[in-house]
Amino acid sequence: MLSTSLRTGRAGALRASNAGEHVTLGGWVHRSRNLGGIVFLDLRDLDGIVQVSFGTDWASAECIAAAAAVGVESVVVITGAVVPRSENTRNAEMGTGDVEVQGVSLTVVGPAVTPVIPVARGRGEKLAAEELRLRHRYLDLRRADLQANLVLRHKLLQESRRYLSERGFLELETPILTKPTPEGARDYLVPSRVHPGEFYALPQSPQIYKQLFMICGFDRYFQIARCFRDEDLRADRQPEFTQIDIEGSFVTQDDILALAEGLISSIWRVAGVEIPASFPRMTYADAMERFGCDRPDLRYGLEIVDYTPAFRDVAFNITTSVIESGGRVRGIIVPGGAAWSRKQVDEVESLAKAAGAGGLMRLRRLDGKLDGPMAKFLEGNPAFADLVEGSLMLFVAGADRISHPALDRVRQECAKRLELVRDGDRQFVIVTDFPMFDRDPSTGTLAAVHHPFTAPHAADVAAFPDKPEAWRALAYDVVLNGTELGGGSIRTSDPALQSRMFELLGIGDQEEQERRFGFLLEALRAGAPPHGGIAFGFDRIVMLLAGAPSLRDVIAFPKTTAARAMFENAPTHVPAADIADLHIRLKEQP
RNA sequence: GGGGGCGUAGCUCAGCUUGGUUAGAGCACUGGACUGUCACUCCAGAGGUCGCGGGUUCGAGACCCGUCGCUCCCUCCA
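Calculation criteria
Residues numbered from 1 in each chain as written. Chains lettered and ligands numbered in written order. Predicted model: local features only at pLDDT ≥ 70, side-chain atom pairs only at ≥ 80, totals over all residues. Heavy atoms only, no water. Axes fitted to C-alpha atoms, helices over the stretch in contact; angles between N-to-C directions. Helix = DSSP H or I, 4+ residues; strand = E, 2+ residues; numbered from the N terminus. Parallel < 35°, antiparallel > 145°, perpendicular 65-115°, else oblique. Left-handed = near helix turned anticlockwise from the far one by under 90°. Contact = heavy atoms within 4.5 Å. Nonpolar A, V, L, I, M, F, W, Y, C, P; charged D, E, K, R; others polar. Buried < 20%, exposed > 50% of the residue type's maximum accessible area, 1.4 Å probe, protein only. Near = heavy atom within 4 Å. Polar contact = N/O pair within 3.5 Å; in protein donor to acceptor, adjacent residues only side chain to side chain. pLDDT = per-residue confidence, 0-100. Salt bridge = Lys/Arg side-chain N within 4 Å of Asp/Glu carboxyl O. Arc of directions from axis to C-beta. Pairing = 2+ DSSP bridges. 1 Å grid on protein atoms, 1.4 Å probe; cavity = no way out; pocket = protein on both sides within 12 Å on 5 of 7 lines; lining within 4 Å. Points joined across faces, edges and corners; volume = space filled by probe spheres on them. Phe/Tyr/Trp six-rings, centres within 6.5 Å; stacked < 30°, edge-to-face > 60°. Lys NZ or Arg CZ within 6 Å of the ring centre and 35° of its normal.

Enquirer: Just to check I follow, could you spell out the packing of helix α5 (residues 207-216) against helix α15 (residues 510-525) for this structure?
Expert: A pair of packed helices is captured by two measures, namely the crossing angle of their axes and the spacing between those axes. In contact at an axis separation of 10 Å, α5 and α15 are set at 20° when each is read in the N-to-C sense. By the angle between their axes, α5 is roughly parallel relative to α15. The element α5 and its partner α15 pack so that their crossing is left-handed. Between α5, through Ile208, Gln211, Leu212 and Ile215, and α15, the contact on the second element is made entirely by Phe517, Phe519, Leu520, Ala523 and Leu524. Counted by class, the contact of α5 with α15 contains eight nonpolar, one polar and no charged residues.

If you want it as structure tokens, here you go:
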């Protein structure tokens, strides 16, 4: 019901078919043009802008004077007739450009002071500084592109709900005041007034609760869940964010991934983009070997190749010592890279070094010959015979732990320099079989790569019972163009195995387990179905589909990189008495 | 915790390299003219703690030190 007691409809929706109607419109004065005898107001609402004209032939002198006096961004209610514009006054750039409203009355219902940041902008005019846009969010959110982002957000939310609900998933809510989790990101803590010295935490994700739902028999759950993490911010990271959180029982990895593909493609369809109904799969091991990264950008090649065998018998100090100590020599071929200057390659090398590599070895084919510091050792080596004229090879020698991230960085940089990414290209991929554990190189302790509730491949546990770092997890990520959209896993539903997991993670003590995860272990012992799920970063999806450069452009009231809300001015000091009620003493009085 | 960038009129910026008269421009704003504009046009006007504090200097928007805010990145984000 866009028509209300105070208006007949939205101004921006008027079209040629509305000609002849008498309308009452409410909206914001976007701009005005006073030509003396005739006054034009551009009236804006959520649907767009329509021109309202006040001329002596149809409007009273008082009405024209009122139109001339009203300031931009004031809220007005006008009445008038929708009339077709004459041939020479049509405006093809406006949705409403075939008509205008000949205003016969105007009431200023919400007078506005001059806006501190402009809402209407001229062509090519820059946005105000983001700090000001956030401080005056009530003005910034009047802009058509931010409004469009939030409208898109709404549509994607509704589509997610529709898709999941139609498949029997129940939207169930979980607590915001919950239990602190020692693993993972830093928690936002909430002090308890009733229980001195005790704290709630805001959830980093509803992980444990959704598993509890499965144990209860709600075999299909989803939630558009707000999650909180007290870590440093980025353009694509906010302290509170929204996940599409999904869990199902009696499912395998393939069931969850098929659901994920369907959900993602229906979300993309609502945004006007048709994508394949299923995505290619790639194992973690394969992704690391070929791209040095667990979320590869498949919009371009530049795959990493292992040249260790070719270097095995080459008397070149660096490669020889690396190979002897168990490392490898891997690299990528950069077509046309032979034309890059020494300085340009040095710039790429500095990125590799920043990622941990000792350096970047170069080899190129110029005038038919191999060229570079290693050329004399490699000329005639069959591994380099088909290096084509004008190509450049960049190698990193070292342990995989070093060369993976370095080559990943080099590959991305080369793709950027070669402009290999075509506009609008989308390459989805599902990465599977993540390792279960990661061994901290300094402390030697195991850490869960995904989270401690993830189930390992049963075959790996059987084959390497005492070598948990060889276990693969039933964990998976959905990746688009090198960005992780979401990830999940099949969970451990066997309490004994879950207990073993905690032991491996150094939480061996029975009491410690009970204290930290007791409620989950106890529930698992009460009879748990096999279950698993996935969660998608919803804000990031909206950002991608809106083409927005920052998460802040798809969240109505975001935080700055210092986790401050500019508009509401939060966080803030509170009265000492309120703090005392929480049994907290501040180190220093502000 | 670390590194880079930015901070001058309500907004967007120039001025800083090489210190020197009264700190400029466009937009917005105010007043005036104008009956078909749509970034209306034209005339006139007002508008400044050069983020803040300290230092160097005869003299600082500019140079130095510190600090605050915003932003991008690293650390971090099971």
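Enquirer: Where do I start with the environment of Trp58 in this structure?
Expert: Locating Trp58 in the fold gives a position in the loop between β3 (48-55) and α1 (61-69). Among the residues examined, Trp58 registers a relative accessible area of 26% and is labelled partly exposed. Separated by 46 residues in sequence, Trp58 and Val104 have C-alpha atoms that sit 6.5 Å apart. For Trp58, the contacting residues outside a window of four places in its chain are Ile38, Ser53, Gln102, Gly103 and Val104.

Enquirer: When you look at the protein's contact with RNA strand B in this model, what are you seeing that I'm missing?
Expert: Looking at RNA strand B, there are 49 residues lining it, with Asn34, Thr89, Glu231, His450 and Thr561 nearest. In the interface set of RNA strand B, defined as its atoms within 4 Å of the protein, sugar plus phosphate atoms amount to 57%. One nitrogen or oxygen atom from the side chain of Asn91 is found 3.3 Å from a base oxygen belonging to RNA strand B. Between RNA strand B and Val449 there is a distance of 3.3 Å, counted from a sugar or linking oxygen to a backbone nitrogen or oxygen. Partitioning the surface near RNA strand B into residue classes produces 17 nonpolar, 15 polar and 17 charged.

Enquirer: Mind showing me how you'd approach the side chain of Gln498 here?
Expert: Mapped onto the fold, Gln498 is located in helix α14 (residues 495-504). Take Gln498: its relative accessible area is 0%, and that puts it in the buried class. If near-sequence neighbours (up to four positions away) are discounted, Gln498 is found in contact with Pro452, Phe453, Thr492, Leu521 and Leu524.

Enquirer: Even after reading the chapter, I still don't get the confidence of the model for chain A, so can you show me in this structure?
Expert: The predicted structure's coordinates, where accompanied by low pLDDT, should not be read in detail. With 99% of its residues at a pLDDT of 70 or more, chain A has an overall mean of 92. In the predicted complex, the global pTM is 0.94; the interface-specific ipTM is 0.92.

Enquirer: Can you help me understand the pattern of salt bridges in this one?
Expert: Should their charged atoms come close, side chains of opposite charge can pair. For the structure shown, the criterion picks out 44 salt bridges. Among the ionic pairs, Arg491 bridges to Glu247, the shortest N-O distance being 2.7 Å. Taken together, the residues Arg491 in the loop between β21 (483-490) and α14 and Glu247 in strand β10 (residues 240-249) connect sequence positions 244 residues apart. You can call Glu247 buried: its relative accessible area is 0%. Between Arg417 and Glu347 there is a salt bridge whose closest N-O contact spans 2.9 Å. Placement of the pair is Arg417 in helix α12 (residues 400-417) and Glu347 in helix α10 (residues 342-354), with a sequence separation of 70 residues. On the basis of relative accessibility, which here comes to 31%, the residue Glu347 falls in the partly exposed class.

Enquirer: Would you take a moment to explain helix α9 (residues 317-324) for this structure?
Expert: The complete set of buried residues in α9 reads Thr319, Val322 and Ile323. Along the long axis of α9, the arc covered by the buried residues comes to 95°, so they all point the same way. Opposite the packed face of α9, turned more than 90 degrees from it, sit the exposed residues Asn317 and Glu324. On the buried face of α9, the contacting elements are α8 (308-311), β13 (328-334), β14 (361-366) and β16 (392-398).

Enquirer: It is not clear to me how the pairing of strand β4 (residues 75-84) should be interpreted in this structure. Could you clarify?
Expert: Looking along a regular strand, one sees side chains alternate from face to face of the sheet. Here strand β1 (residues 22-34) pairs with β4 via seven bridges, running antiparallel. Residue pairing in the sheet places Gly27 in a bridge with Val76 of β4. Note: β4 against strand β5 (residues 99-110), ten bridges, orientation antiparallel. Residue pairing in the sheet places Ala81 in a bridge with Gln102 of β5.

Enquirer: So what exactly am I meant to see when it comes to the packing of α10 against α12 here?
Expert: Contact pair α10 / α12: the axes reach a minimum separation of 8 Å and the direction vectors enclose 145°. The two elements α10 and α12 cross, and the hand of that crossing is right-handed. Where α10 approaches α12, its residues Gln344, Glu347, Val348, Leu351 and Ala352 are matched on the opposing element by Ala406, Arg409, Val410, Glu413, Cys414 and Arg417. Considering only residue class, the contact of α10 with α12 consists of six nonpolar, one polar and four charged.

Enquirer: Got a minute to help me understand the sheet that holds strand β15 (residues 369-371) in this structure?
Expert: The strands making up a sheet associate through hydrogen bonds between their backbones, and the pairing can be parallel or antiparallel. Spatially, the five strands line up as an open sheet ordered β12-β13-β16-β14-β15, and their pairing is antiparallel. Pairing within the sheet leaves two strands with one partner each, and these edge strands are β12 (305-306) and β15. Note: β14 against β15, three bridges, orientation antiparallel. Looking across to β15, one finds that Leu366 is bridged to Lys369. Of the strands in this sheet, β13 and β16 are in contact with α12, which crosses β13 at around 5°.

Enquirer: Explain the sheet that holds strand β17 (residues 428-432) here, please?
Expert: The eight strands lie next to each other as β6-β9-β10-β22-β21-β20-β17-β11, forming an open sheet whose pairing is mixed. Each edge of the open sheet is held by one strand with a lone partner, namely β6 (170-171) and β11 (281-283). One ladder, built from five bridges, connects β17 with strand β20 (residues 475-480); its direction is antiparallel. Looking at β20, one finds that Val431 is bridged to Asp477.

Enquirer: What is the right way to read the layout of surface pockets from this model?
Expert: Over the atoms rolls a probe the size of a water molecule, and in doing so it shows where empty space is left. Here the second largest pocket defines a volume of roughly 770 Å³. Lining the second largest pocket are 31 residues, and of these His30, Arg31, Ile49, Glu93 and Met94 sit closest to its centre. The element best represented in the lining of the second largest pocket is helix α4 (residues 144-166), accounting for five residues. For the lining of the second largest pocket, the residue count by class is eight nonpolar, nine polar and 14 charged.

Enquirer: Looking at this structure, I do not really get the packing of aromatic side chains. What am I missing?
Expert: A ring pair, where both rings are aromatic, is described by two values, the distance of the centres and the angle of the planes. As enumerated under the stated definition, the model contains 15 aromatic pairs in all. Taking the centre distance of 5.8 Å and the plane angle of 75° together, the rings of Phe311 and Phe384 count as edge-to-face. In this pair, Phe311 is assigned in helix α8 and Phe384 in the loop between α11 (375-378) and β16, connecting sequence segments 73 residues apart. Phe384 matches Phe311 in its accessibility class, with the two residues each being buried. Between Phe453 and Phe502, the aromatic rings sit 6.3 Å apart at their centres with planes inclined by 85°, giving edge-to-face as the arrangement. Pair noted here: Phe453 is in the loop between β19 (446-448) and α13 (458-463) and Phe502 is in helix α14, with a separation of 49 residues, a long-range link. Across the pair, exposure class does not vary: Phe453 and Phe502 are buried alike. Aromatic rings pair up to connect Tyr307, Phe311, Phe384 and Phe395 into one cluster. A cation sits over an aromatic face here: Arg167 above Tyr163, 3.6 Å from the ring centre. The ring of Phe464 is capped by Lys467, whose NZ or CZ atom sits 6.0 Å from the centre of that ring.

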